[in-house]
Amino acid sequence: MALAVGFSDCGIAKADTLSQEEYPLEEWLHSGYHADMQYMESNVAIRRDPRLLYDGARSVISLVVAYKPDRQMEGTPRISQYAYGEDYHELLKRMMYQLIASIQEKYPDFDARPFVDTAPISDRHWAVRAGLGWIGRNTLFIHPLFGSYCYLGEIVTTAEAVCYDKPYHGQGCEGCRLCVNVCPNSAITVSKIGVPMLDARRCTSYNTIENRDETLPADLNTRGYAFGCDICQSVCPFNRQAPAAYHLDDERKVQLESLSSADESTFRRFSKHSALNRIKYPQWQRNIQKANE
Ligand code: B12
Ligand code: SF4
Ligand code: SF4
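Before going into details, it helps to say that this report is about the structure given with it.

Thresholds applied
- Residues numbered from 1 in each chain as written.
- Chains lettered and ligands numbered in written order.
- Predicted model: local features only at pLDDT ≥ 70, side-chain atom pairs only at ≥ 80, totals over all residues.
- Heavy atoms only, no water.
- Near = heavy atom within 4 Å.
- 1 Å grid on protein atoms, 1.4 Å probe; cavity = no way out; pocket = protein on both sides within 12 Å on 5 of 7 lines; lining within 4 Å.
- Sits in = over half its atoms within 2 Å of the grid points.
- Helix = DSSP H or I, 4+ residues; strand = E, 2+ residues; numbered from the N terminus.
- Nonpolar A, V, L, I, M, F, W, Y, C, P; charged D, E, K, R; others polar.
- Polar contact = N/O pair within 3.5 Å; in protein donor to acceptor, adjacent residues only side chain to side chain.
- Contact = heavy atoms within 4.5 Å.
- Points joined across faces, edges and corners; volume = space filled by probe spheres on them.
- Buried < 20%, exposed > 50% of the residue type's maximum accessible area, 1.4 Å probe, protein only.

1. Description of the site of ligand 3
Here is step 1 of the chain: Taken together, the residues surrounding ligand 3 are G136, R137, N138, I142, C173, C176, L178, C179, C236, P237 and F238.
Here is step 2 of the chain: In this structure, ligand 3 is accommodated by the largest cavity.
Here is step 3 of the chain: Those elements that provide at least two residues to the shell around ligand 3 are α7 (178–182) and α10 (237–240).
Here is step 4 of the chain: A per-class count over the shell around ligand 3 returns eight nonpolar, two polar and one charged.

Structure representation (structure tokens):
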């Protein structure tokens, strides 16, 4: 049913607690790696256990939508590929409601809620638990076919599955370190037990999207990115071999490429249904200036 709605893959995990080893959130927070994303400090217990997020939850249906574009926008400033198309929050929510409706046609008592990105639930860990892939050294979820160019969402339900998918134990990054070596800001670090961690304070993605300061850190090297960053993903062998899953048409490509000279109302109109709606026009201007340095 998930594939019929348009999802690229789907797996089901039993709802329970994510262990400290799997999700060392407290260490990440204590290290200050979350920068000023205060929303990451709240609901720590809920982030660890979806049963606290949704009363009576028994299962987590993890869903993947691949988004690798068939071509890239040209020139600088650059916009990260995950923001080329429709805002993925809107896209995935719509698809998840469609999937819930299809399941309810067959099972009218199916009781469920969809989540994507903004709720206190760790999208990547549930995808791993549901057997869909692994967490790579760049800290992103990697699907063996679609790479890390995929959005994640979950349907949390009170329904129990007859059998659950097993956590992913296939191939992983093995000896590769391309993403760690290529990051222009050395933002990829490791936890005390050697698990990859991202220091958001150093990351272009954090700085161009979440940082609300008037200026960006002087030593930040954005390599021309004005919204998000794809550098540690573009070198990944799993992304290089992944099939294209999004058609960037001429009209959208021109819109993206001309956004750096857009006035405030044009920017607002464009960003309304795009992931760019996370930032306001003054941030966009600040980011363009930095990208052109
Ligand atoms: C906060 C956040 C950010 C922050 C911090 C990122 C980070 N790495 O934590 C910032 C603003 C920097 C960010 C950037 C981006 N983000 Co973001 N972000 C989130 C958010 C809201 C929470 C992530 C979180 O819990 N971080 C806390 C830390 C503690 O957890 P963690 O990074 O998962 O790290 C732990 C695990 O990786 C684990 N681990 C690592 N390796 C291994 C190995 C094993 C074997 C095990 C067991 C565990 C393990 O230990 C780590 C250490 O704490 C999620 C949505 C969600 N609700 O889950 C989206 C999400 C992770 N982001 C997403 C995207 C697309 C991006 C960007 C690619 C956007 C862009 N192009 O610019 C970048 C990527 C930067 C990067 N290299 O990570 C997608 C990722 C999809 C995917 N395939 O993984 C998500 C899932 C949103 C979505 N629903 O699609 N993001
Ligand atoms: S998104 Fe860019 S800045 Fe952030 S870790 Fe990856 S390469 Fe480094
Ligand atoms: S570039 Fe290499 S180390 Fe980094 S996520 Fe991809 S396979 Fe893993």
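After that view of the structure, there is still more to cover.
2. Quick word on the side chain of T157
Here is step 1 of the chain: Considering the arrangement of structural elements, one finds T157 in strand β7 (residues 150–157).
Here is step 2 of the chain: Within the structure, T157 has its side chain in polar contact with the backbone oxygen of D111 (distance 2.9 Å).
Here is step 3 of the chain: Residues contacting T157, with those up to four places away along its chain left out, are Y54, A57, R58, S59, I61, F110, D111 and A112.

3. A few points about the site of ligand 2
Here is step 1 of the chain: Contacts to ligand 2 come from C183, N185, A187, I188, L198, C203, T204, C229, I231 and C232.
Here is step 2 of the chain: In the shell around ligand 2, the residues fall into eight nonpolar, two polar and no charged.

4. A closer look at the layout of surface pockets
Here is step 1 of the chain: A volume near 360 Å³ is recorded for the second largest pocket.
Here is step 2 of the chain: Taken together, 15 residues form the lining of the second largest pocket, with I12, I61, I103, Y107 and F110 sitting closest to its centre.
Here is step 3 of the chain: Every element with two or more residues in the lining of the second largest pocket is listed here: α1 (2–5), β1 (9–14), β2 (59–66) and α5 (88–106).
Here is step 4 of the chain: Looking at the lining of the second largest pocket, its residues break down into twelve nonpolar, two polar and one charged.

5. Section: the environment of A244
Here is step 1 of the chain: Checked against the element boundaries, A244 lands in the loop between α10 and α11 (250–258).
Here is step 2 of the chain: Measuring from C-alpha to C-alpha, the distance between A244 and L99 comes to 23 Å, with 145 residues separating the pair along the chain.
Here is step 3 of the chain: Dropping the residues within four chain positions of it, A244 is found in contact with K68, P69 and D70.

6. Describing the side chain of N239
Here is step 1 of the chain: As for its placement among the helices and strands, N239 is situated in helix α10.
Here is step 2 of the chain: By relative accessible area, which is 2% here, N239 ends up buried.
Here is step 3 of the chain: Apart from the residues within four sequence positions on either side, N239 is in contact with K68, F146, G147, S148, Y149 and Q233.

7. Points about helix α13 (residues 281–291)
Here is step 1 of the chain: Among the eleven residues of α13, eight are classified as buried, and the element is accordingly described as predominantly covered.
Here is step 2 of the chain: Restricting attention to buried positions, one finds in α13 the residues Y281, Q283, W284, R286, N287, I288, K290 and A291.
Here is step 3 of the chain: Against the buried residues of α13 lie β3 (78–79), α8 (204–209), β10 (225–227) and α12 (264–271).

8. Quick notes on unusual backbone geometry
Here is step 1 of the chain: Geometrically, the link from T76 to P77 is a cis peptide bond, its omega value of -5 degrees lying close to zero.
Here is step 2 of the chain: Summarising the element assignment, P77 is placed in the loop between β2 and β3.
Here is step 3 of the chain: Even without being a glycine, R223 presents a positive backbone phi close to 45 degrees.
Here is step 4 of the chain: Looking at the element boundaries, R223 is found in the loop between α8 and β10.
Here is step 5 of the chain: Overall, R223 belongs to the partly exposed group, its relative accessible area being 45%.

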